[in-house]
Amino acid sequence: MERVKEQVKEIVRPFAGKPTELIQALHRVQSVLGWLPREAQEVVAEVVGVPPAQVRGVVTFYHFFRTRPVGKHTIRVCLGTACHVRGAERVLNALREELGIEPGQTTPDGKFSVEVVRCLGCCGLAPVMMIDEEVYGRLDPRKARQIVREIP
Ligand code: FES
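These numbers come from a predicted model, not from an experiment.

## Notes on unusual backbone geometry
Leave glycine aside and you will find that most residues have negative phi; peptide bonds, for their part, are mostly trans.
Next up, step 1: Ala 126 connects to Pro 127 through a cis peptide bond whose omega is -10°.
Next up, step 2: Examined against the element boundaries, Pro 127 turns out to sit in the loop between strand 2 (112-117) and strand 3 (129-131).
Next up, step 3: Unlike most non-glycine residues, Asp 132 shows phi in positive territory, near 55°.
Next up, step 4: Examined against the element boundaries, Asp 132 turns out to sit in the loop between strand 3 and strand 4 (134-136).
Next up, step 5: Of note in the backbone geometry, Arg 138 takes a positive phi value of approximately 45° without being a glycine.
Next up, step 6: The residue Arg 138 is located in the loop between strand 4 and helix 7 (141-150) in this model.

## Remarks on the sheet that holds strand 2
Next up, step 1: An order of 2-1-3-4 is seen for the four strands of this open sheet, with the pairing classed as mixed. The two strands at the open ends of the sheet, each matched to only one other strand, are strand 2 and strand 4. Across the sheet, the axes of successive neighbouring strands diverge by a mean angle of 20°, strand direction being ignored.

Here is what the cut-offs are and how they apply
- Residues numbered from 1 in each chain as written.
- Predicted model: local features only at pLDDT ≥ 70, side-chain atom pairs only at ≥ 80, totals over all residues.
- Helix = DSSP H or I, 4+ residues; strand = E, 2+ residues; numbered from the N terminus.
- Pairing = 2+ DSSP bridges.
- Axes fitted to C-alpha atoms, helices over the stretch in contact; angles between N-to-C directions.

What follows is the structure, given as structure tokens:
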């Protein structure tokens, strides 16, 4: 963990003593580590110059900050209106069953994380999910399970 602390110090050095740039600093750290462990948040607070409680507040308020490690693959299931009316809930339920996790969680083997999003910008293909950078459309529960099983 010491190594991570040193790394985070290095990453946020440009934001030292700049409390108004807290969010940018956190983004920078997350883009490198993939998430924001408690220890990293503490280092950011110290370097940027804000109380640790403020960092925790920001991290929990904005849904794009992650406080848990992410899996090797991130599955984003769209629950936006177009996807919702075409059965996105059933797709999500199939994935919850298949992977044994809830949105926001990572499988115990670290392979998949599941997130819920509000629109992936390809409503014509609803219901849609993304796995990493790849879009999968016109899903149904069976197809979604099949796709996930075939991801190495
Ligand atoms: S609502 Fe799902 S992609 Fe737009």
